Amino acid sequence: MENQAKREKTQRIVVMITFFLVLFTTTVQISLVQWEIGYLGLLLVPTMVFCSMFLVNYWKCVKIDSTAKSAGKPPAIQTEGWRYCPYSGCSGSVPENSRHCHQCDICIIQRDHHCHFTGGCIGQKNLPSFMVQIISLFGLSLTFCLANTIYIATHETPGTILITVISPVQILWYFLGYVTLSHCLISLNIVISFASVGGAIVLIYHEYNLLFHNKPYLTKSMPIASSGVLEMSKWERIREVFGPSWFMFFIDPTHQSSGQRKLGVTKVM
């Protein structure tokens, strides 16, 4: 119980930091960069859409329970589809397609990996929200990069571009009084946005391998589907993970896949 309370406390801190960073970066981007370059009307809509999609699906990733306990009460005797987990967090029967996470100290149904940015594991039930979260992060970062590129092209000279994108130098110069706070924040925003695009591309590549080639992030993890996934078409695989109304994940923030409903997720927020 003490370890669980410590994990929940850590998760709350991680969630608060993530929400603060996303909202702070978005605020700086809109109020300083997009306002300054004069493209606020063109860039504001995708910024708000992608930011909202990211925050909602991030929250769903955190709140949706993918642990073995969400599969219901285990049978009194060992039956087909269940196995015994000897670790202290479980010490009982768990679904056969689950794997134990030593950081969460509990079995996760079709575990992909332990995500430090959500403070928990990604498994069968929160995988669709995790994928939409990554796509939203990529779209948001790409919008920021477009605005930042326009800003650099219109407000910087060739001699100051390198200095502008080196955030530690800007922070030092701010404390020495050589640059304003707004210029320092814009420099940080530029670095974060370009780094986020790179990180999102890596995650999208990982999820692509998981979705269509059945290769989880960790080699010891349980594949998210049977080996028959390799014989499916891409559209069949998308419908299997997201459900027949897969596009609703990008429209309705409260939408749940058929897999989430089947496993008893009735409320995610």
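Every value quoted in this text rests on a predicted model; they were computed, and no experiment measured them. (Residues numbered from 1 in each chain as written. Predicted model: local features only at pLDDT ≥ 70, side-chain atom pairs only at ≥ 80, totals over all residues. Heavy atoms only, no water.)

Bringing the overall build of the protein into the picture now. Counting its regular elements, the protein contains 8 helices and 6 strands. Secondary structure of the protein in N-to-C order comes out as α-α-β-β-β-β-β-β-α-α-α-α-α-α. The 269 residues of the protein split such that 43% are buried. Counting only contacts in the protein whose residues sit at least 6 apart along the sequence, the fraction spanning at least 24 positions is 57%. As presented, the protein carries roughly 14700 Å² of accessible surface, and 66% of it is formed by carbon and sulfur atoms. (Helix = DSSP H or I, 4+ residues; strand = E, 2+ residues; numbered from the N terminus. Buried < 20%, exposed > 50% of the residue type's maximum accessible area, 1.4 Å probe, protein only. Contact = heavy atoms within 4.5 Å. Areas by Shrake-Rupley, 256 points an atom, 1.4 Å probe, with all protein chains shown as cover.)

Moving on to the confidence of the model for the protein. Low-confidence regions, as indicated by low pLDDT, have predicted coordinates that should not be scrutinised in detail. Taken residue by residue, the protein gives an average pLDDT of 77. The fraction at 70 or more is 76%. Contacts for the low-pLDDT stretch residues 260–269, under 50 throughout, to residues beyond four places or in other chains number 25 contacts. (pLDDT = per-residue confidence, 0-100.)

Another point: the side chain of serine 193. Here serine 193 shows up in helix α6 (residues 181–213). According to the relative accessible area criterion, serine 193 is buried, its value standing at 1%.

The next point concerns the side chain of glutamine 29. Its place among the elements puts glutamine 29 in helix α1 (residues 2–37). The residues touching glutamine 29, leaving out its near neighbours within four places in the chain, are Gln34, Thr143, Phe144, Ala147, Asn148 and Asn189.

Attention shifts here to the packing of aromatic side chains. Each aromatic ring pair is specified by the distance between its two centres and by the angle formed by the two planes. Following the criterion strictly, the structure yields 4 aromatic pairs and no others. Ring centres 5.8 Å apart and planes at 65° place the aromatic pair phenylalanine 19 and tyrosine 58 in the edge-to-face group. Of the two residues, phenylalanine 19 is situated in helix α1 and tyrosine 58 in helix α2 (residues 40–63); the sequence distance between them amounts to 39 residues. Through successive ring pairs, a cluster of aromatic residues spans Phe19, Phe54, Tyr58 and Trp59. (Phe/Tyr/Trp six-rings, centres within 6.5 Å; stacked < 30°, edge-to-face > 60°.)

This part covers helix α7 (residues 234–242). Listed as buried for α7 are Arg237, Ile238, Val241 and Phe242. Down the axis of α7, the buried side of the element spans an arc of 110°, and every buried residue falls inside it. The positive-phi residue at the C-terminal boundary of α7 is glycine 243, with phi of around 95°. (Arc of directions from axis to C-beta.)

Turning our attention to the packing of α6 against α7. Two elements in contact, α6 and α7, have axes whose closest approach is 9 Å; the angle formed by their N-to-C orientations is 100°. Classified by the angle between their axes, α6 and α7 sit roughly perpendicular to one another. Every residue of α7 that contacts α6 at Tyr208, Leu210, Leu211 and Phe212 is listed here: Lys234, Arg237, Ile238 and Val241. (Axes fitted to C-alpha atoms, helices over the stretch in contact; angles between N-to-C directions. Parallel < 35°, antiparallel > 145°, perpendicular 65-115°, else oblique.)

Bringing the pairing of strand β1 (residues 82–85) into the picture now. Here 4 bridges tie β1 to strand β2 (residues 92–95), and the two strands are oriented antiparallel to one another. Considered in β2, the bridge of cysteine 85 is made with glycine 92. Between β1 and the antiparallel strand that follows it, β2, lie 6 residues; serine 91 among them carries a positive phi value of about 50°. (Pairing = 2+ DSSP bridges.)

Moving on: the pairing of strand β4 (residues 106–109). Where strand β3 (residues 98–101) meets β4, 4 bridges bridge the pair, whose relative direction is antiparallel. When the bridges of β4 are listed, serine 98 appears paired with isoleucine 109. Counting the residues that bridge the hairpin from β3 to β4 gives 4 residues, and of these aspartate 105 lies at a positive phi of roughly 60°.

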